[in-house]
Amino acid sequence: MIENGIEAARLLVVSKEPGVVRSSWSIGETNSWQLETVGSGWEALESVQAGITPDLLLLDLPRGDADSLHILRWLRRLRPNLPIILLCYPDDAGRKNEAIRLGAQDYLIRPVDDKQLEFVIREQLKLTERQRRHGDRQ
C-alpha cells in the first residue's frame, strides 16, 4: 500500500451475488478504493497469479460451492499476508470455521449491511497498514 494506504486500497471482491457486488462498489466509490470484482474463487486465483495485488480480498462463500475453501488454501500460499474477509450464511458455521482456520481474518454473516461491511474492511486495512509500518521499521 502507498502512503495513506487505507484511502488508496485495492480490493478484490469475489462474488456472483449482485447485492454484494453492488454494495462493494458503493462502499468502494465512497472511500475512493479501487475495486475489481470476479465471479468465482478460481477467477480470483487467476488474478492474483497474474500479478493483481489487492490489499484485501472479500470472499463470498456461496451455498453449495465446494471450491471456495480449496481456493482459500491456494490464495494463502500465494499471498500469505493478504487480509481475507468472508461473507457467509448463518447455517455455514462449519465452512466459516474451516475458512478462519485456513487464514481468513474476519467474517460477516448474511445479511450484511453496507455500514457493517465498510467497518470490517476499514478495520482490516488499518491493521494491515500498522503491520506494514511496523515491518518497515525492523
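Chains are numbered independently. Their residues run from 1 in the order of the written sequence. Note on the predicted model: pLDDT of at least 70 is required for a residue's local features to be given, and 80 or more for side-chain atom pairs to be given and counted; whole-chain, interface and lining totals, by contrast, use all residues. The side-chain figures draw on all heavy atoms in the structure; neither hydrogens nor water molecules are used.

(A) Structural detail: the pattern of salt bridges. Any Lys or Arg side-chain nitrogen located within 4 Å of an Asp or Glu carboxyl oxygen qualifies as a salt bridge. Summed over the entire model, instances satisfying the criterion amount to 7 salt bridges. Note that aspartate 60 is salt-bridged to arginine 110, the shortest N-O span being 2.5 Å. Of this pair, aspartate 60 sits in strand β3 (residues 56-60) while arginine 110 sits in the loop between β5 (106-109) and α5 (114-137); the two residues are 50 residues apart in sequence, bridging distant segments of the chain. For each residue, the accessible area found with a 1.4 Å probe, counting protein chains only, is set against the maximum for its type, and the residue is called buried under 20%, exposed over 50%, and partly exposed in between. For arginine 110, a relative accessible area of 14% puts it in the buried group. A run of DSSP states H or I qualifies as a helix once it reaches four residues; a run of E qualifies as a strand once it reaches two. Both are numbered from the N-terminal end.

(B) View of the environment of alanine 99. When you line up the elements, alanine 99 lands in helix α4 (residues 93-101). Contacts were defined at the residue level, with two residues in contact if any of their heavy atoms lie within 4.5 Å. Sequence-distant contacts of alanine 99, that is, excluding residues within four places in its chain, are made with Leu69, Leu72, Leu86 and Ala104.

(C) Molecular detail of the pairing of strand β2 (residues 34-38). One bridge is not enough; two strands pair if DSSP finds at least two bridges between them. As judged from the 5 bridges shared by strand β1 (residues 10-14) and β2, these two strands associate in the parallel manner. Note that in β2 the partner of leucine 11 across the bridge is leucine 35. In terms of handedness, the path from β1 via helix α1 (residues 18-31) over to β2 forms a crossover that is right-handed. Clockwise travel from the first strand over the helix to the second, with the strands pointing away from the viewer, marks a crossover as right-handed.

(D) Examining the nonpolar core more closely. The nonpolar core is taken to be a set of buried Ala, Val, Leu, Ile, Met, Phe, Trp, Tyr and Cys residues, with the residues joined through side-chain atoms within 4.5 Å. In terms of nonpolar packing, the biggest core is built from 20 residues, with Leu12, Val14, Leu57, Leu59, Leu72, Ile84 and Leu86 touching the most fellow members. Mapped onto this core, the elements with two or more residues apiece are β1, α2 (41-49), β3, α3 (68-78) and β4 (84-88). Among the elements that line this core, the one with the most residues is α3, at 4 residues. Residues Leu11, Leu56, Ile85 and Leu125 belong to the second largest nonpolar core, which totals 17 residues.

(E) Structural context of unusual backbone geometry. The omega angle of the peptide bond from arginine 110 to proline 111 is -5°, so this bond is cis rather than trans. Its location among the elements puts proline 111 in the loop between β5 and α5. We note that serine 32 has phi near 60°; this positive angle belongs to a residue other than glycine. Mapped onto the elements of the fold, serine 32 is located in the loop between α1 and β2.

(F) Spatial organisation of the sheet that holds β5. Strand order in this open sheet of 5 strands is β2-β1-β3-β4-β5, and the pairing throughout is parallel. Two strands lie at the open edges of the sheet, namely β2 and β5, each paired on one side alone. Across the sheet, the mean angle from the axis of one strand to that of its neighbour is 20°, orientation sign disregarded. When β4 meets β5, the two strands line up parallel, connected through 4 bridges. Across the sheet, leucine 87 pairs through a bridge with leucine 108, a residue of β5. Note on geometry: axes are lines fitted to C-alpha atoms, helical ones only across the stretch in contact, with angles between N-to-C directions running from 0 to 180 degrees. Running at roughly 170° to β2, α1 makes contact with β1, β2, β3 and β4 of the sheet.

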